[in-house]
Every structure is written in C-alpha cells, then in structure tokens.
Amino acid sequence: EVRMDNIKSFELDHDAMTPGFYCLGEANGVYTYDMRFKYPNKGDYISYAALHSIEHLFAVVIRNSDIKDKVVYFGPMGCRTGCYLLLFGIEEKEAKRVTVECLKRCMELDFVPGTTRKECGNYLEHDLIGAKKEIEEYIKVLVG
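The model shown is predicted, which means the values in this text are computed figures rather than measured ones.

Looking at this structure, I do not really get the packing of aromatic side chains. What am I missing?
Using the criterion set out here, one finds four aromatic pairs in the structure. Arranged with centres 4.1 Å apart and planes meeting at 10°, the rings of Phe37 and Tyr138 form a pair that is stacked. Highlighted residues: Phe37 in the loop between β2 (30–36) and α1 (48–62) and Tyr138 in helix α3 (residues 128–143), separated in sequence by 101 residues. Summarising the burial analysis for this pair, Phe37 and Tyr138 share the class buried. Centroid distance Phe58 to Phe74: 4.6 Å. Interplanar angle 45°. Geometry classified as tilted.

Spelled out as structure tokens, the structure:
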C-alpha cells in the first residue's frame, strides 16, 4: 500500500463550505487562497467556457496589478466551484482587497485576453458573458 499525505484542500469539509475567499495556509512565504465562487456539491457549477475565460481575465489583470511580482499562480479548480490564487508574502486582508480590485477590472474588459489559437490550447472554448456573470456574483459575495 502506498502512503501519501493528504493535501490541505482535501482536508476541508466541502459540504460545509460557502462561497467566499479563504486562506488555506502559508508555506515558505507563499499563501494559498481559495476563491470559492460556488457552493461545493450543490449541482451549480461554473461552465467550462466561463471558467476558462475567468482564468484568462483574472490571470492577465492580476499580473498587471501592483502585486504582479508577488503572483505565484492563478488557476481554476477542477471541480468548477472556484479558483486557486497563490501569492508570495501577501496576507489575507491585502490579498482579498487586491482580488476584489482585480475582479472589478475584469468586469471592465470587453474581450478575453489570450484567445488566439497561438496563445491558447483550447481557444474556441471561451465565454466572456458567462465569465462576467460569475465574476459579478462573486464580487457581491466578497463585498457584501
């Protein structure tokens, strides 16, 4: 039998989670944030095309923000309920502030960056309208 340690996100009770912004922990100065757009296991998931577009929009916007040098990773969750954001040296209060700011900037874009065949491995599967709908709902969760 192969023994492996569980990863932090698998230790969470997903049935108890609600949409929000959560710090999953810090290691070597890198903070992992759970950007939870949807309730897990409730049957309402972000469409593949919208999630793909959220990935492109937010990744470009945050990498052009004041903390661009602190971004380690941003990408979608396979379960399609949100995204992971990894930041170097940015604690939760500041990370949430920057996240909201960047989400609002995403709403201002009228195109999805990086969607040519040369730039993207699945360039035909994008949904700007769907992405903006999901982002708009998520901003409401974060700002109340």
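Additional details are given in the paragraphs that follow.
Whenever I open this one, the nonpolar core confuses me. Can you help?
Ranked by internal contacts, the top residues of the largest apolar core, which has 32 residues, are Met35, Phe58, Ile62, Leu85, Leu87, Leu103 and Ile135. Those elements giving two or more residues to this core turn out to be β2, α1, β3 (71–76), β4 (82–88), α2 (92–108) and α3. Of all the elements, α1 adds the most residues to this core, at eight residues. Those residues in contact with Leu85 that sit more than four places away from it in its chain are Tyr31, Thr32, Tyr33, Met35, Phe58, Ile62, Tyr73, Phe74 and Thr99.

When you look at a nonpolar patch on the surface in this model, what are you seeing that I'm missing?
A surface patch of nonpolar side chains, about 270 Å² in accessible area, is lined by Val72, Tyr73 and Phe88. Inspection of the secondary structure assignment puts Tyr73 in strand β3.

Just to check I follow, could you spell out the side chain of Thr99 for this structure?
If you trace the backbone, Thr99 turns up in helix α2. For Thr99, a relative accessible area of 0% gives the class buried. In contact with Thr99, not counting residues within four places along its chain, are Phe21, Met35, Phe58, Leu85 and Leu142.

Basis of the calculations
- Residues numbered from 1 in each chain as written.
- Predicted model: local features only at pLDDT ≥ 70, side-chain atom pairs only at ≥ 80, totals over all residues.
- Heavy atoms only, no water.
- Phe/Tyr/Trp six-rings, centres within 6.5 Å; stacked < 30°, edge-to-face > 60°.
- Helix = DSSP H or I, 4+ residues; strand = E, 2+ residues; numbered from the N terminus.
- Buried < 20%, exposed > 50% of the residue type's maximum accessible area, 1.4 Å probe, protein only.
- Core = buried A, V, L, I, M, F, W, Y, C linked by side-chain atoms within 4.5 Å.
- Contact = heavy atoms within 4.5 Å.
- Patch = residues over 30% accessible without salt bridge, like charges linked within 9 Å, V, L, I, M, F, W, Y side chains within 5 Å.
- Areas by Shrake-Rupley, 256 points an atom, 1.4 Å probe, with all protein chains shown as cover.
- Salt bridge = Lys/Arg side-chain N within 4 Å of Asp/Glu carboxyl O.

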